[in-house]
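One letter stands for each residue in the lines below.
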Amino acid sequence: MTEMQDEFLSEEDLDLRNLSEAELICVWNEWLKQAQNSNDLDEHEYSHGVFTREPIAGNGLG
Amino acid sequence: MNKNIYLNLTDEFNSGRLRAILSGGQAVVLHRLALMSKDGDWILREDEECVGHILSTLETYGAVYRFGAPLDIRWLSGGWSAHFEFRREDIRVRTDFVTRPPRLSSDRLACLWREQEHRAPPFLDIADLIETKKTNREKDYAVIGELARLTGSIEDKLKYSRSARELLDLAGRYPGSIAEITKQRPALAASVDGLEALETALDSERRRLIHANEDRLSRYLWAAEAWGQAWSETSHTIKGKSLTMAHRYMVERAQGLLPTTVPGGLP
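Remember, predicted model here, so these are calculated numbers, not experimental data. (Residues numbered from 1 in each chain as written. Chains lettered and ligands numbered in written order. Predicted model: local features only at pLDDT ≥ 70, side-chain atom pairs only at ≥ 80, totals over all residues.)

Caption draft 1: Examining the overall build of chain B more closely. What chain B contains, in helices and strands, is 14 helices and five strands. Computed over C-alpha atoms, the radius of gyration of chain B comes to 20 Å, within 12% of the 18 Å expected from 2.2 N^0.38 for 267 residues, which places it in the range of a compact globule. The dimensions of chain B, computed from C-alpha atoms along their principal axes, are 60 × 40 × 35 Å. Per-residue burial over chain B gives 42% buried out of 267 residues. Sequence separation of at least 24 residues holds for 56% of the intrachain contacts in chain B that already meet a minimum separation of 6. (Helix = DSSP H or I, 4+ residues; strand = E, 2+ residues; numbered from the N terminus. Rg over C-alpha atoms; globule rule 2.2 N^0.38 Å. Buried ≥ 20, exposed ≤ 12 C-beta atoms within 10 Å, placed from the backbone. Contact = placed C-beta atoms within 7 Å.)

Caption draft 2: View of the overall build of chain A. For chain A, the helix and strand inventory stands at two helices and zero strands. Relative to its full complement of 62 residues, chain A shows a buried share of 16%.

Caption draft 3: Focus on helix H1 (residues 5-13) of chain B. When H1(B) is considered as a whole, its buried residues turn out to be B:Ile5, B:Tyr6, B:Leu7, B:Leu9, B:Thr10 and B:Phe13. In the core, the buried residues of H1(B) are packed alongside strand E1 (20-23), helix H2 (24-30), strand E2 (40-44), helix H3 (48-60), strand E4 (82-88) and strand E5 (91-98) of chain B.

Caption draft 4: Region of the structure containing the domain arrangement of chain B. All names here are of chain B. Each assigned domain of chain B is listed with its residue range as follows: domain 1 (5-124 + 224-254) and domain 2 (133-219). Here domain 1 and domain 2 have C-alpha centroids that lie 30 Å from each other. Partitioning the side of domain 1 that touches domain 2 into residue classes produces four nonpolar, one polar and one charged. (Domains from an automatic or database assignment. Nonpolar A, V, L, I, M, F, W, Y, C, P; charged D, E, K, R; others polar.)

Caption draft 5: Representation of the environment of B:Thr260 within the structure. Residues and elements named next belong to chain B. With respect to the secondary-structure elements, Thr260 resides in the segment after helix H14 (243-254). Using a count of 17 C-beta atoms within 10 Å as the deciding quantity, one classes Thr260 as partly exposed. A C-alpha to C-alpha distance of 6.0 Å links Thr260 and Arg74, two positions 186 residues apart in sequence. Ignoring any residue separated from it by four or fewer positions in sequence, one finds Thr260 in contact with Arg74, Trp75 and Gly78.

Caption draft 6: Highlighting the sheet that holds E1(B). All names here are of chain B. Pairing is mixed across the open sheet formed by five strands, whose spatial order is E1-E2-E5-E4-E3. One side of each edge strand has no neighbouring strand; the edge strands of this open sheet are E1 and strand E3 (64-65). As paired strands, E1 and E2 are joined by four bridges and run antiparallel to one another. Pairing of Ala20 across the sheet is with Leu44, part of E2. Of the strands in this sheet, E1, E2, E4 and E5 are in contact with H3, which crosses E2 at around 155°. (Pairing = 2+ DSSP bridges. Axes fitted to C-alpha atoms, helices over the stretch in contact; angles between N-to-C directions.)

Caption draft 7: How the structure looks around the interface of chain A and chain B. The interface is formed by 30 residues belonging to chain A together with 42 residues belonging to chain B. At the level of elements, helix H1 (11-14) and helix H2 (21-35) of chain A are the ones that each hand at least two residues to the side of chain A that touches chain B. The greatest single-element share of the side of chain A that touches chain B, amounting to seven residues, is contributed by H2(A). Looking at the side of chain A that touches chain B, its residues break down into 15 nonpolar, ten polar and five charged.

Caption draft 8: Just the packing of H3(B) against H14(B), in detail. All names here are of chain B. Taken N-terminus to C-terminus, the directions of H3 and H14 make an angle of 135°; their axes are 9 Å apart at the nearest point. Taken together, the axis directions place H3 and H14 in an arrangement best described as oblique. Contacts between H3 and H14 pair Leu55, Leu58 and Glu59 from the former with Leu243, Thr244 and His247 from the latter. Of the residues belonging to the contact of H3 with H14, the class tally is three nonpolar, two polar and one charged. (Parallel < 35°, antiparallel > 145°, perpendicular 65-115°, else oblique.)

Caption draft 9: Region of interest: unusual backbone geometry. All names here are of chain B. With an omega of -5°, the peptide bond running from Ala120 to Pro121 counts as cis. Within the secondary structure, Pro121 is located in the loop between helix H5 (106-115) and helix H6 (126-132). We note that Arg32 has phi near 60°; this positive angle belongs to a residue other than glycine. Here Arg32 is to be found in the loop between H2 and E2. According to the C-beta neighbour criterion, Arg32 is partly exposed, with 14 such atoms within 10 Å.

Caption draft 10: Spotlight on the nonpolar core. All names here are of chain B. Counting 60 residues, the largest nonpolar core has Ile21, Trp42, Leu44, Ile54, Phe97, Ile130 and Leu147 as its most contacted members. Top contributing element to this core by residue count: H1, with five residues. When we break this core down by domain, the ones giving at least three residues each are domain 1 (5-124 + 224-254) and domain 2 (133-219). Setting aside residues up to four positions removed in sequence, Leu44 forms contacts with Arg19, Ala20, Cys50, Val51, Ile54, Phe97 and Thr99. If you look at the next biggest cluster of nonpolar residues, it comprises eleven residues, including Leu158, Leu170, Leu188 and Ala190. (Core = buried A, V, L, I, M, F, W, Y, C linked by C-beta atoms within 7 Å.)

Caption draft 11: Quick look at H14(B). Residues and elements named next belong to chain B. Taking 1.5 Å of rise per residue, twelve residues should cover 16 Å, and H14 covers 16 Å from first to last C-alpha, within 8% of that figure. When H14 is considered as a whole, its buried residues turn out to be Leu243, Ala246, His247, Met250 and Ala254. Down the axis, H14 shows its buried residues gathered within 100° of arc, on one side only. With respect to the buried face of H14, the exposed residues turned more than 90 degrees away are Thr244 and Glu252. Residues of H14 that are buried sit in contact with H3, E3, helix H4 (73-76), helix H12 (225-229) and helix H13 (231-238). Just past H14, the residue Gly256 takes up positive phi, approximately 100°. (Expected span 1.5 Å × (residues − 1). Arc of directions from axis to C-beta.)

Right under this line is the structure:
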């Protein structure tokens, strides 16, 4: 019987380890292109730094 | 040239001297862990030449300011972040900058600049990346869990692992180390009470870290209230201007509206 272990990310995510540098850049660029689909959803949001959202006009920080 | 926008930018930011260390989600990619962020995040050297070079590089890409602090060391040294955006082919490229990343001490930062001096590309190592990932977002703790598995030393695994099973295994094999690391990471004390107790302690630790980051961010949000109120007018004024001109206006406007320091803001 296989012992259980704690899982944090999927096997698919962790596949990057086996890629050559050229393959990694190719997969990375393709992922970035596909991820543009959510641009409208996070237009006013921040993923880094000390700001969380752009201010809503006239109402200060959203 | 590389053929990835974030690697290309990192090269250009560091042309002639080390100025910018890639962090955040793109550093996670370079650790071969996961693709999970669309945006680029860099730690900059806190000097005038550096911010001048970053601004002129961004200008060549047609970048514009997003809401944020001016890219000026008076604000950056107070822990503020500056944010830009431009389009490259089909990609919306966002570039985010700090000089005082959260949870990295000034001593650690000084070491970091020495360690990264000849690295190409420069990007945060695992322990520092883990510290910056202790945010208020649940998904970052999954990344920390995997990053901790990549650490080489037993001490770092004990400091950063989010797996109760793996920590219990290490506790059994390295009792001296766990006693020492428990002084820095109190959650490990629960390892003597078994799996469920340690899982509960790790959950509680995660929630405490999330709340601590929320508290830190709320101080900046409060301090940015007046700047936020003025943003609609500010962004209208800088629209269509070169980044150099927009930057001058941002600095002029931020004086008096955005305090350079925020009590309790820095780590």
